[in-house]
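Structural features, examined
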Amino acid sequence: MELQNLNVVVIGAGVGGLAAAALLARKGAIVTVLEAQDYPGGCAATFAREGYRFDAGATIGCGFHDGGPMDMLGKELGIIWPVSPEPVAWQYRHNSLHLDLPPQRLGILERFPGSAPFWKEQAELAKLLWHLAEGGLSWPVKGARDLARLARKGIAGLPGSAHLLTFSTKTVFEWLASHGLDSDPDFVRFIDAQLLVSVQTTSRYANAVNAAIALDLPLSGAYRVKGGIGTIAELLAGAVEDNGGAVLFRKKVIRIDSVRRQVFGLETSDGSAIAADFVLANLPPESLALLTGPESKSAVVMNECPHWSAFVLYLGMDPSLFSALPTHHVQIISASGELAEGNSIFVSFSPGDEPDRAPEGLCAVTVSTHTRPEQWFQAKEKGSAAYMELKSTFTEHLLTVLSEQFPQARDAVRSISAATPVSWERYTGRFQGLVGGYPQTSLFKVRGPATSFDNLFLVGDSIFPGQSLPGVVTGARRAIELLLQRNEKTVREP
Ligand SMILES: Cc1cc2nc3c(=O)[nH]c(=O)nc-3n(C[C@H](O)[C@H](O)[C@H](O)COP(=O)(O)OP(=O)(O)OC[C@H]3O[C@@H](n4cnc5c(N)ncnc54)[C@H](O)[C@@H]3O)c2cc1C
């Protein structure tokens, strides 16, 4: 079908869904985005509460560096992103170890001088992967043969990059061991903490290639987004409409109608029925399966590693607590306990020069930790007392860990609310509130945009390359590529 006559419906106004919608609308398709909430952004939204504007989940803008996925997207859509680089991406704190993560590794090398060869290798690998990505990296690959082909492509541009094959099956821990770094608990803890927030797992399970890109983040730059991270989704929603599309809020899709391998329409909870030639679902496969029915094969969970959800505190605070920090973000690892479940927290506070983010003299703070969802749903089953007790235990634990590094933290709190995996499920429509992306344990066991329906594709952080704003934008491009290929095929073979 001519693109100008092609009706595309996108379920969900997360960043992945909106990026795909805006790019398709720009190409001329008739695009409608259906969003269950009354504002866009999903995990990367900014919401208003009691005079504050809190970032719901994501707080750091990344991928905005020259030639990065967000930079390229903005240029293509004519959006000038209101972003500015943070001189330090975030500060890492564990007991007395305080490490700034600026776009150079000087502080890390000073504290861990033996890690220099590891970082050199990481930089080479990341450079190769960025190079491949710029050349239109198609992923997932079907196996080692495809990967070898990609590596050859890399080798042509970057001599010495045959490494890719060696690393593709290695865990980060094996990689660390090859440099003798596995016996330094401080270094392993530092790497684990970075990996947990970027590839959703730690060195013993994380794939070395995924990790090489993830560990590059402070170098490629962390950006502050004016107005909060949700500004990005708001601008993308604007771009959909500027290109003739529509973004409809409070439109929760409850069913996708199909015949054999074709979907043809959707129903929303307010009783509307909408026809579609193609559907892009900005959902994890488990949630999509609930809409398409049990016959859908898209429900297959491809990663054997358990997934995370998040527990997040939204605090109104006195900003003087953070006045000595060189950045708006700090990662704190508790003196004791395994990472996650409140023992490692990521803290972000709104900049002082953005008065619309908080009542006068205060700031909006997001404190998040990884948590397994099961305990939350079990507590909810037991009743509201058990659920509230768990919520209050987590709240106290996060405040205790914050106080380990900022002893005045409790006195600085002016207001407090929290989101649990149960809240995340209700708010994002994601099964069990599984947010943050899949654990990146294998390059081969990743999901692409295709589903068992010919004209239904996934976008968002459940498909390769996964979580983060640049991640879901890259995935959205891959979904569009497939959609256009399928459409061309139907034009040729009516
Ligand atoms: C705590 C936390 C911190 C993070 N920190 C960062 C960070 O600092 N930087 C970064 O880049 N990334 C970060 N991430 C990851 C990033 O936020 C996500 O990877 C990304 O925003 C996911 O986008 P998505 O396209 O998958 O859509 P989602 O954010 O999952 O949005 C999906 C949208 O679809 C809507 N929807 C769902 N079901 C339906 C339905 N049936 N009908 C209609 N609408 C529906 C939802 O309401 C939602 O708006 C963080 C994530 C979390 C949870």
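Source: prediction; values computed, not measured. (Residues numbered from 1 in each chain as written. Predicted model: local features only at pLDDT ≥ 70, side-chain atom pairs only at ≥ 80, totals over all residues.)

Considerations on the overall build of the protein chain
- Across its full length, the protein chain carries 17 helices and 20 strands.
- When each of the 494 residues of the protein chain is scored for burial, the buried share is 49%. (Helix = DSSP H or I, 4+ residues; strand = E, 2+ residues; numbered from the N terminus. Buried ≥ 20, exposed ≤ 12 C-beta atoms within 10 Å, placed from the backbone.)

Focus on the site of the ligand
- In the vicinity of the ligand, 38 residues are found, and the nearest of them are Gly12, Gly14, Gly16, Gly42 and Gly429.
- Counting only elements with at least two residues in the shell around the ligand, the list comes to helix H1 (15-27), strand S15 (309-317) and helix H17 (469-492).
- Tallying contributions element by element places H1 first for the shell around the ligand, with three residues.
- Of the residues assigned to the shell around the ligand, the class counts are 17 nonpolar, 17 polar and four charged. (Near = placed C-beta within 6 Å. Nonpolar A, V, L, I, M, F, W, Y, C, P; charged D, E, K, R; others polar.)

Points about the sheet that holds S15
- Strand order in the open sheet formed by seven strands is S8-S7-S16-S17-S18-S15-S19, with mixed pairing between adjacent strands. With partners counted over all chains shown, the strands left at the sheet margins are strand S8 (97-100) and strand S19 (413-419), one partner each. Here the average twist between neighbouring strands, direction ignored, is 20°.
- In terms of strand pairing, strand S7 (residues 91-94) meets strand S16 (residues 329-333) through four bridges, oriented parallel. Note on S16: the bridge partner recorded for His94 is Ile333. (Pairing = 2+ DSSP bridges. Axes fitted to C-alpha atoms, helices over the stretch in contact; angles between N-to-C directions.)

Some details on unusual backbone geometry
- The amide bond that connects Phe464 to the next residue, Pro465, takes the cis arrangement and shows omega of 5°.
- Here Pro465 shows up in the loop between strand S20 (456-458) and H17.
- Backbone geometry at Glu50 places phi at a positive 45°, although glycine is not the residue there.
- Mapped onto the fold, Glu50 is located in the loop between strand S3 (46-49) and strand S4 (52-55).
- Take Glu50: there are 12 C-beta atoms within 10 Å of it, and that puts it in the exposed class.
- The backbone phi angle of Asn95 is positive, close to 50°, even though this residue is not glycine.

Focus: the nonpolar core
- Counting residues in each nonpolar core, the largest one holds 139 residues, and the members touching the most others are Leu18, Ala19, Ala20, Leu236, Val240 and Val279.
- The element contributing the most residues to this core is H1, with nine residues.
- Excluding anything up to four places from it in sequence, Leu18 contacts Ala13, Val33, Pro40, Ala233, Leu236, Ala237 and Val240. (Core = buried A, V, L, I, M, F, W, Y, C linked by C-beta atoms within 7 Å. Contact = placed C-beta atoms within 7 Å.)

Here's the deal with the packing of H1 against helix H11 (residues 230-242)
- One way to put it is that H1 packs onto H11 with a least axis distance of 8 Å and a crossing angle of 25°. Classified by the angle their axes make, H1 and H11 are roughly parallel. When you trace H1 past H11, the crossing you get is left-handed. In contact with Val15, Leu18, Ala19, Ala21, Ala22 and Ala25 of H1, H11 contributes Ile232, Ala233, Leu236, Ala237, Ala239 and Val240.
- Residue classes in the contact of H1 with H11 are distributed as 12 nonpolar, no polar and no charged. (Parallel < 35°, antiparallel > 145°, perpendicular 65-115°, else oblique. Left-handed = near helix turned anticlockwise from the far one by under 90°.)

A closer look at the sheet that holds strand S1 (residues 7-11)
- One open sheet holds the five strands; their spatial order is S10-S2-S1-S14-S20, and the pairing between them is parallel. Single-partner strands in this sheet number two, and they are strand S10 (246-248) and S20. For this sheet the average axis-to-axis angle between neighbouring strands, irrespective of direction, equals 20°.
- Pairing geometry for strand S14 (residues 278-281) and S20, over three bridges, is parallel. Directly across from Leu280, in S20, lies its bridge partner Phe457.
- Seen against the sheet, H11 touches strand S2 (30-34) and S10 and runs at an angle of roughly 130° to S10.

Points about the environment of Gly316
- Within the secondary structure layout, Gly316 lies in strand S15.
- Separated by 97 residues in sequence, Gly316 and Val413 have C-alpha atoms that sit 6.0 Å apart.
- Beyond its immediate sequence surroundings of up to four residues, Gly316 is in contact with Tyr52, Ala358, Leu362, Ala364, Arg414 and Ser415.

A look at the environment of Leu73
- Tracing the backbone through its elements, the reader meets Leu73 in helix H2 (residues 69-77).
- Once residues lying within four places of it in the same chain are set aside, the contact partners of Leu73 are Ala19 and Val473.

Some remarks on the pairing of S14
- Side chains Phe278 and Leu280 of S14 all project onto a buried face; the interleaved residues Val279 and Ala281 project onto the opposite face, where all are buried too.
- As defined by bridge partners, S1 adjoins S14 across four bridges and the pair is classed as parallel. Residue pairing for S14: Ile11 is matched across the bridge by Ala281.

Focus on helix H8 (residues 185-199)
- With 15 residues, H8 extends 20 Å from end C-alpha to end C-alpha; this agrees with the ideal 21 Å at 1.5 Å per step.
- H8 sits mainly inside the fold: 11 of its 15 residues count as buried.
- Of all the residues in H8, the buried ones are Phe187, Phe190, Ile191, Asp192, Ala193, Gln194, Leu195, Leu196, Val197, Ser198 and Val199.
- Downstream of H8 by one or two residues, Gln200 has phi in the positive range, about 65°. (Expected span 1.5 Å × (residues − 1).)

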